[in-house]
Amino acid sequence: MNTNYDPNSINTIIAQVENENALPMAVSALKQGGLVAFPTETVYGLGANALDETAAAKIYAAKGRPSDNPLIVHIANTKDVYELASNVPEKAVMLMEAFWPGPLTIILPKKDIVPDGTTGGLKTVAIRMPSHPAALDLIKKSGLYIAAPSANTSGRPSPTTALHVAEDMMGKIDVILDGGAVGIGIESTIVDLTDDTPSILRPGFVTKSMLENVIGPVNIDPALINLDPTLRPKAPGMKYTHYAPKGELTVVEADPSKGLSSTKDIIDVINELTEDKISQGYKVAVITTQDNAPFYISNNVLIAGEEGKGETIAAKLYSILRQCDDLNVDFIYSEAFNHGELGSAIMNRLLKAAGQRVITV
Ligand code: AMP
Ligand code: MG
C-alpha cells in the first residue's frame, strides 16, 4: 500500500471477495489510511476510515469530488449510530429497525468525533448499514466506520460492477473488492431526521410509502420536485450534474392524459429523431425495455429491463449509461421509466443524466 498519497500513482489490486486474501488486504489498506472499493447492495462504494480526515480527503481526490459534498458513513452494528450521532430520535430507531441492514441512509446531528472532512463541513452526518455480506464483513473486520460515496469519478454514473470501478479508479486507490454485479443498482434512499417531519433528500429503493408505513408522514425535499434553480437541495450532492453520458441524452415521455396509446407515439417520435440524426451522419442509441426493443430502428438499442418492473431497470440503468460512452454515440433517446414504486428514484437519475432534457409526446 502506498502511504504517501499521490492519487495517480497507486498500484491498484483487484481481488475477488471469495479469495481468502482479499478481505485481509482490504482491511490492512483501510487501517493504514488507504482507499478500498467494495460492493454494496446498491452500488460499489469507495471506502476510507470515516474518523480519519486525511483518509477521507483521499476519497475526494480520487473521485474529483467537490469538497462540500459529504460522505455517507457505513456501519455494521445499529448501536454504532449512538457513537456517531448526538441525537437519535424515535423515528430514526423505527427506520433502523425496519430497513437496516439495507438501502436507507439517515441524516442525524453529528458528534464531534466525526470530522468536518467527512461531512463536508456540515454539523450532520449521513449513516447507513449496508446489507451486502462483503460490505458488512469489511466494516466488522476493520473495526472502523467506513466513509464511502459511490466509487465512480465525480459526474460519471455510479459503478454497479467491479469493472466500472476499475474504469474510473485504476491507479488511484489501493484495493477493489470484486463481488460481481450489485443487486439494486441505484444509490440508497436518504432521509433527513433532523427536522420534526422527516424528509427524503434522495429517492431510492426504499420508497416514500414504505417509509410512511413505518413513521407516518414524510416530506420530499422541494428541490427534488421543483426544478427552480434557486432552490438548494438539502443533500449537497443532489445539486451537481450526475451520470451524464458524453452523448446528448433526451428523455421522451408520454403526456399522462393520452393513456395507453402513448407508447406507440413515443416509439414513433424516437424513430423519427433517430432517422433525422442518422441522416446527418450522427451515431444514435436508444434506451428502452425488452418489450419495446423490437420496434426501434437504431443500430444501438440498449435494453434497460422489463416493462413495468422498475427493479430490473434500476439494476441496468448505470451500466447502460456507461455503455453509451463505450459506443461513442452522439445522441441518446430514452423512454421515461416511470414504472411502479421505483419510478421516481429511476427518473431522478435519468433526468439528471439528461440534464433535464425532456420531450413530451
Ligand atoms: P454518494 O455516496 O456518492 O451517493 O453520495 C452521498 C450523498 O449523500 C450525496 O448526495 C451527499 O450530498 C449526501 N449526504 C451525505 N451526508 C449528508 C448530510 N450530512 N446531509 C445531507 N446530505 C448528505
Ligand atoms: Mg455518488
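To keep things clear, this report deals only with the structure shown in the data block. (Residues numbered from 1 in each chain as written. Chains lettered and ligands numbered in written order. Predicted model: local features only at pLDDT ≥ 70, side-chain atom pairs only at ≥ 80, totals over all residues. Heavy atoms only, no water.)

Some words on the packing of aromatic side chains
Cut-off, in case you're wondering: Only Phe, Tyr and Trp rings are paired, with Trp represented by its six-membered ring, and only when their centres lie within 6.5 Å; those with planes under 30 degrees apart are stacked, over 60 edge-to-face, the remainder tilted. Secondary structure follows DSSP: runs of H or I at least 4 residues long count as helices, runs of E at least 2 residues long count as strands, and numbering of each begins at the N terminus.
Throughout the structure, instances matching the rule amount to two aromatic pairs. Ring geometry for Tyr282 versus Phe331: centroids 5.1 Å apart, planes at 75 degrees, classification edge-to-face. Separated by 49 residues along the polypeptide, Tyr282 in the loop between helix 10 (262-279) and strand 13 (284-288) and Phe331 in strand 15 (residues 331-335) bring together distant segments of the chain.

A word on the pattern of salt bridges
It is possible for side chains bearing opposite charge to pair when their charged atoms get close. Defined as follows: Every case where a carboxyl oxygen of Asp or Glu lies within 4 Å of a side-chain nitrogen of Lys or Arg is listed as a salt bridge. For every residue, the accessible area (1.4 Å probe, protein chains only) is compared with the maximum for its type, and the residue is labelled buried under 20%, exposed over 50%, or partly exposed between those bounds.
Applying the stated criterion across every chain yields a total of 18 salt bridges. For Lys309, the salt bridge is made with Glu306, and the minimal N-O distance between the two is 3.1 Å. When its relative accessible area of 37% is taken as the criterion, Lys309 is described as partly exposed. Classification of Glu306 as partly exposed rests on a relative accessible area of 30%.

Let's talk about the site of ligand 1
Stated precisely, the cut-off is as follows: In these notes, residues near a molecule or strand are those with any non-hydrogen atom within 4 Å of it. Under this definition, polar contacts are N or O atom pairs within 3.5 Å; protein pairs additionally need one hydrogen-donor-capable and one acceptor-capable atom, and for neighbouring residues in sequence, both atoms have to be side-chain atoms. Reported accessibility uses the Shrake-Rupley method at a 1.4 Å probe radius. Residues are deemed covered only where the shown protein chains occlude them.
Taken together, 21 residues sit near ligand 1, with Asn69, Thr124, Pro149, Arg202 and Gly237 positioned nearest. Within the side chain of Thr124, an N or O atom sits 3.0 Å from a nitrogen atom of ligand 1. In the model, an oxygen atom of ligand 1 is placed 3.1 Å from a nitrogen or oxygen of the Ser150 main chain. Within the complex, 95% of the 500 Å² of free accessible area of ligand 1 lies under protein.

Examining the nonpolar core
The criterion, for reference: In these notes, a set of buried Ala, Val, Leu, Ile, Met, Phe, Trp, Tyr and Cys residues joined through side-chain atoms within 4.5 Å is what counts as a nonpolar core. Two residues form a contact once any of their heavy atoms are found within 4.5 Å.
With 67 residues, the main nonpolar core has Ile127 and Leu138 as its most contacted residues. Of all the elements, helix 1 (residues 22-31) adds the most residues to this core, at six residues. Once you skip the residues sitting within four places of it in the chain, Ile127 turns out to touch Ile72, Val73, Ile75, Val81, Leu84, Ala85, Trp100, Leu104, Thr105, Ile106 and Leu108. By size, the runner-up hydrophobic cluster in this structure holds 28 residues, among which are Val251, Ala314, Leu317 and Met347.

What about the environment of Glu20?
Following the sequence through the fold, Glu20 ends up in the loop between strand 1 (13-16) and helix 1. Judged by relative accessible area, which is 71%, Glu20 ranks as exposed. Between the alpha carbons of Glu20 and Asp195 there is a distance of 45 Å; along the sequence they are 175 residues apart.

Considerations on the packing of helix 4 (residues 90-99) against helix 8 (residues 208-215)
Definition in use: Axis lines are fitted to C-alpha atoms, over the contacting stretch for helices. Their N-to-C directions set the angle, which ranges from 0 to 180 degrees. For classification purposes, angles smaller than 35 degrees are called roughly parallel, those larger than 145 roughly antiparallel, those between 65 and 115 roughly perpendicular, and all remaining angles oblique. Each crossing gets its hand from how the near helix is turned against the far one by less than a right angle, where anticlockwise is left-handed and clockwise is right-handed.
In contact at an axis separation of 9 Å, helix 4 and helix 8 are set at 120 degrees when each is read in the N-to-C sense. Classed by the angle they form, the pair helix 4 and helix 8 counts as oblique. Judged by the sense of rotation from one axis to the other, the crossing of helix 4 with helix 8 is right-handed. Contact with helix 4, carried on its side by Lys91, Met94, Leu95, Ala98 and Phe99, involves Met210, Leu211, Val214 and Ile215 of helix 8 and no other residues of that element.

Digging into the environment of Ile278
Along the chain, the position of Ile278 falls in helix 10. For Ile278, a relative accessible area of 41% gives the class partly exposed. For the pair Ile278 and Ser298, spaced 20 residues apart in the sequence, the C-alpha separation amounts to 8.7 Å.

Treat this as a map of the structure, not an account of what it does.
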